[in-house]
Amino acid sequence: MKNICSRFWMEREWMIKKLPPGERKDLLLTLHTRFQKNMNRHKGLEWAKVQAKLEADSGKLWSLDEMERTGGEPDVVDYDKKADEYIFYDCSAESPTGRRNVCYDREALDKRKEHKPRNDAISMAAAMRIELLSEKEYRELQKLGNFDTKTSSWVKTPSDIRKLGGALFCDRRFDTVFVYHNGAESYYAARGFRGSLRV
């Protein structure tokens, strides 16, 4: 039993991705600076408490670094008191540059016979260990500023729509948030996806 438990914890530690100390410090500084510059997104929240949560979870820091690396500019947008979790969304002005030109999911990617995109939104999000924003979350983000005025972002699509081959995406035009549909296998240079992470 002891050997089984030991192996479990070794495998768990192996699965947790960690940043080197220097990159960890740089990321925390970037997140802190963004937090201070955009207090309207998280009124009443304190950075010291957010940082304490981040420093206690190497895996979540790695995910935030992936969000940052791909152009998402993650920031705190809410706090779930019941779960004691801070909620981060991608807050870049336009859809993250490192996540565009992707279709919706792996099924859609496999369905394309030619001119396949390099990846799909669902698989990328899973690899980063984040979740695509839902339409509701996307609309909540838009209350904090003007996002995707020139681009668009895939959002989590209900299973009944996806079963019929469709997928949803959103943007902001004419000072209004719109939700649209497209074939899940479609992809465009101006469409990426935004994610969320709970810490």
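Residues numbered from 1 in each chain as written. Predicted model: local features only at pLDDT ≥ 70, side-chain atom pairs only at ≥ 80, totals over all residues. Heavy atoms only, no water.

1. Focus on helix α7 (residues 135–142)
And step 1. Burial in α7 covers these residues: Tyr138, Leu141 and Gln142. Looking straight down α7, one finds its buried side chains confined to an arc of 100 degrees; they lie on one side.
And step 2. Packed against the buried residues of α7 are β2 (85–90), β4 (152–155), β5 (166–173) and β6 (176–183). (Buried < 20%, exposed > 50% of the residue type's maximum accessible area, 1.4 Å probe, protein only. Helix = DSSP H or I, 4+ residues; strand = E, 2+ residues; numbered from the N terminus. Arc of directions from axis to C-beta. Contact = heavy atoms within 4.5 Å.)

2. Section: the layout of surface pockets
And step 1. In this structure, the largest pocket spans a volume of roughly 240 Å³.
And step 2. The wall of the largest pocket is formed by 13 residues, among which Val77, Asp78, Ile87, Tyr89 and Glu140 lie closest to the centre.
And step 3. Every element with two or more residues in the lining of the largest pocket is listed here: β1 (74–80), β2, α7 and β8 (195–198).
And step 4. When its residues are assigned to classes, the lining of the largest pocket shows six nonpolar, one polar and six charged. (1 Å grid on protein atoms, 1.4 Å probe; cavity = no way out; pocket = protein on both sides within 12 Å on 5 of 7 lines; lining within 4 Å. Points joined across faces, edges and corners; volume = space filled by probe spheres on them. Nonpolar A, V, L, I, M, F, W, Y, C, P; charged D, E, K, R; others polar.)

3. Observations regarding helix α4 (residues 58–69)
And step 1. Taking 1.5 Å as the rise per residue, α4 with 12 residues should run 16 Å; its terminal C-alpha atoms sit 16 Å apart, in good agreement.
And step 2. Among the residues of α4, Gly59, Leu61, Trp62, Ser63, Leu64, Asp65, Glu66 and Met67 are the ones counted as buried.
And step 3. Tucked into the core, α4 has its buried residues touching α2 (21–37), α3 (47–55), β1, β2, α6 (121–128) and β8.
And step 4. At the N-terminal end of α4, a side-chain oxygen is found 3.2 Å from the backbone nitrogen of Gly59, two or three residues along, and the residue is Asp57. (Expected span 1.5 Å × (residues − 1). Polar contact = N/O pair within 3.5 Å; in protein donor to acceptor, adjacent residues only side chain to side chain.)

4. Quick notes on the pairing of β8
And step 1. Direction of pairing for β2 relative to β8: antiparallel, over a ladder of three bridges. Across the sheet, Tyr89 pairs through a bridge with Ser196, a residue of β8.
And step 2. Where strand β3 (residues 131–132) and β8 come together, two bridges link them in antiparallel fashion. Paired with Leu132 across the bridge in β8 is Gly195. (Pairing = 2+ DSSP bridges.)

5. A closer look at the sheet that holds β1
And step 1. Spatial strand order, β1-β2-β8-β3: four strands in an open sheet with antiparallel pairing. What marks the edges here is a single partner per strand, and that holds for β1 and β3.
And step 2. By the bridge criterion, six bridges tie β1 to β2 in an arrangement that is antiparallel. Across the sheet, Asp80 pairs through a bridge with Glu85, a residue of β2.
And step 3. On the sheet, α3 packs against β1 and β2 and is oriented at approximately 90 degrees with respect to β2. (Axes fitted to C-alpha atoms, helices over the stretch in contact; angles between N-to-C directions.)

6. Concerning the confidence of the model for the chain
And step 1. Looking at the chain as a whole, the pLDDT averages 92, with 92% of positions reaching at least 70.
And step 2. Taken together, the stretch residues 2–14 has pLDDT below 50 and engages in one contact with residues farther than four places along the chain or on a different chain. (pLDDT = per-residue confidence, 0-100.)

7. Examining the sheet that holds strand β7 (residues 191–193)
And step 1. The four strands lie next to each other as β6-β5-β4-β7, forming an open sheet whose pairing is mixed. Only two strands of the sheet have a single neighbouring strand rather than two, namely β6 and β7. Neighbour-to-neighbour, the strand axes of the sheet open up by a mean angle of 35 degrees, direction not taken into account.
And step 2. Two elements, β4 and β7, share three bridges in a ladder whose sense is parallel. Bridge assignment links Trp154 to a residue of β7, and that residue is Phe193.

8. Observations concerning the nonpolar core
And step 1. Counting residues in each nonpolar core, the largest one holds 34 residues, and the members touching the most others are Val50, Leu54, Leu64, Phe88, Trp154 and Phe193.
And step 2. Only α2, α3, α4, β2, α5 (106–111), α6 and β5 provide two or more residues apiece to this core.
And step 3. Look past the residues within four positions of Phe88 in its chain and what remains in contact with it is Val50, Leu54, Leu64, Pro74, Asp75, Val76, Gly195, Ser196, Leu197 and Val199.
And step 4. If you look at the next biggest cluster of nonpolar residues, it comprises 12 residues, including Ile87, Cys91, Tyr138 and Cys170. (Core = buried A, V, L, I, M, F, W, Y, C linked by side-chain atoms within 4.5 Å.)

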